[in-house]
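Working through the structure, step by step
Single-letter residue listing:
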Amino acid sequence: MRITKISGVLATLLVASVASVALPTARAASAALTPSPPGAQEYIIWPSDGTVIYGGKLWVRMGLRNMGVCPKGANVPNTGHHHLLIDTDLPPLDQEIPSDRQHLHFGAGETDARIELPPGKHTLQLLLGDYNHVPHSPPVYSKKITIIVK
Amino acid sequence: MNRILAPALLAAALSGLAWAGTTPAPRDAIAYIGYPNDGQVVPANKPFRVWFGLRYMGVAPKGVKYPNTGHHHLLIDTDLPPMDQEIPSDRQHLHFGAGETETMIELPPGKHTLQMLMGDDKHVPTDPPVYSKKITVIAR
């Protein structure tokens, strides 16, 4: 009985120490980002900066140079998948890219995105994520462009 | 009527067997060449960029099996290869197995054709095969 209690305490201590070790490890892991190759460049092929879109529906053509596209979950060197940021700034570059209406994920390896936007000025920017949706090191992202929907 | 139709159907079914690989692709998938345009003049013996386009389908490097994906192959001055076999790999059939979505190529002076063909994780065309229109460029 006493032994069980002690071992229980030990187990708790062990768990606590593992947890305290695990936290810094998780931070260290997020610092170990997936490397991107030199010369990697992401850009919006279309639309170009300042384009006026009538009706609000458009295809965004996503461009990537000196790197390849790969669906989420598959860890292949020098690849990533596109994320389209709409009306928002770049998210933290050492964390998983949020997934919401302003951060569209193309985890199936898509290179053309069909989107619909309400009338007004909008910004578009691409950010490449690795197999875990985390940006690379150095991060690979496009210029932020503005389009006008009428 | 049936006597005429039956062999025709049988022939269609048999040719259907060899018409594609075994990896399914979305029925509405479209591969296209984003640049250059059909009939465009490009500089001869100088690298120019070719943009690969793909809709309703995704890109995955060779060896990666993921539903509704494939990788691009650029066919230069050649017709489509057999659709149920691995796409040849030579100077007329460029493979982009690292998931590339654009490339630079160089062509000698004259008329040339370009066409995209998607291959699965093993470089075999999909079912249905996904390929672009064949375009002509003039290198000058």
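Every chain's residues receive numbers from 1 upward, in the order its sequence appears when written. A letter from A marks each chain and a number from 1 marks each ligand, given out in the order of writing. For this predicted model, a pLDDT threshold of at least 70 governs which residues receive local features, and a threshold of 80 or more governs which side-chain atom pairs are given and counted, while totals over whole chains, interfaces and linings are taken from all residues. As a convention, hydrogens and water are excluded, and side-chain values are obtained from all of the structure's heavy atoms.

1. Observations regarding the overall build of chain A
Secondary structure counts use DSSP, requiring at least four H or I residues in a row for a helix and at least two E residues in a row for a strand, with both numbered from the N terminus. The secondary structure content of chain A amounts to one helix and nine strands. Listing the helices and strands of chain A from first to last along the sequence gives α-β-β-β-β-β-β-β-β-β. Residue exposure (1.4 Å probe, protein chains only): buried if accessible area is under 20% of the type maximum, exposed if over 50%, otherwise partly exposed. Here chain A holds 150 residues, and 42% of them are scored as buried. Long-range pairs, those at least 24 residues apart, make up 67% of the contacts in chain A between residues at least 6 apart in sequence. Carbon and sulfur atoms make up 60% of the accessible area of chain A, which totals about 8,100 Å². Two residues qualify as a contact provided that any one of their heavy atoms is within 4.5 Å of a heavy atom in the partner residue. Where accessible areas are quoted, they stem from the Shrake-Rupley method and a 1.4 Å probe; at the residue level, only the protein chains shown are allowed to cover.

2. What about the sheet that holds strand 3 (residues 57-65) of chain A?
Sheet strands associate in pairs through backbone hydrogen bonding, adopting either a parallel or an antiparallel arrangement. Residue and element names in this part refer to chain A. Taken in spatial order, the three strands make up an open sheet running 1-3-7, and their pairing is antiparallel. The sheet is open, and its two edges are formed by strand 1 (41-46) and strand 7 (112-116), each paired on a single side. Across the sheet, the mean angle from the axis of one strand to that of its neighbour is 30 degrees, orientation sign disregarded. Where strand 1 and strand 3 come together, five bridges link them in antiparallel fashion. Bridge pairing links W46 to R61 in strand 3. Paired strands, in this sense, are two strands between which DSSP finds at least two bridges. With axes taken as lines fitted to C-alpha atoms, and helix axes fitted only over the stretch in contact, angles between N-to-C directions fall between 0 and 180 degrees.

3. Some remarks on the confidence of the model for chain B
Regions with low pLDDT should not have their predicted coordinates read in detail. Residues and elements named next belong to chain B. What pLDDT conveys is the predictor's confidence in a given residue, as a value from 0 to 100. A residue-level look at chain B finds 87% of positions with pLDDT of 70 or above and a mean pLDDT of 91. Low pLDDT, under 50, characterises residues 8-17; the predicted model gives this stretch zero contacts beyond four residues in sequence or across chains. Two summary scores accompany this predicted model of the complex, namely pTM at 0.83 and ipTM at 0.85.

4. Concerning the sheet that holds strand 1 (residues 30-35) of chain B
Residue and element names in this part refer to chain B. Spatially, three strands are ordered 1-3-7 in an open sheet, and the strand pairing comes out antiparallel. On the outer flanks of this sheet lie strand 1 and strand 7 (102-105), each paired with one strand and no other. Here the strands of the sheet are splayed against their neighbours by 30 degrees on average, with no regard to which way each runs. Two elements, strand 3 (residues 48-55) and strand 7, share four bridges in a ladder whose sense is antiparallel.

5. What about the pattern of salt bridges?
Should their charged atoms come close, side chains of opposite charge can pair. Only one rule defines a salt bridge in this text: a Lys or Arg side-chain nitrogen within 4 Å of an Asp or Glu carboxyl oxygen. Enumeration according to the criterion identifies nine salt bridges over all chains in this entry. In the salt-bridge network here, residues are joined through shared partners; they are R65 of chain A together with R49 and E102 of chain B.

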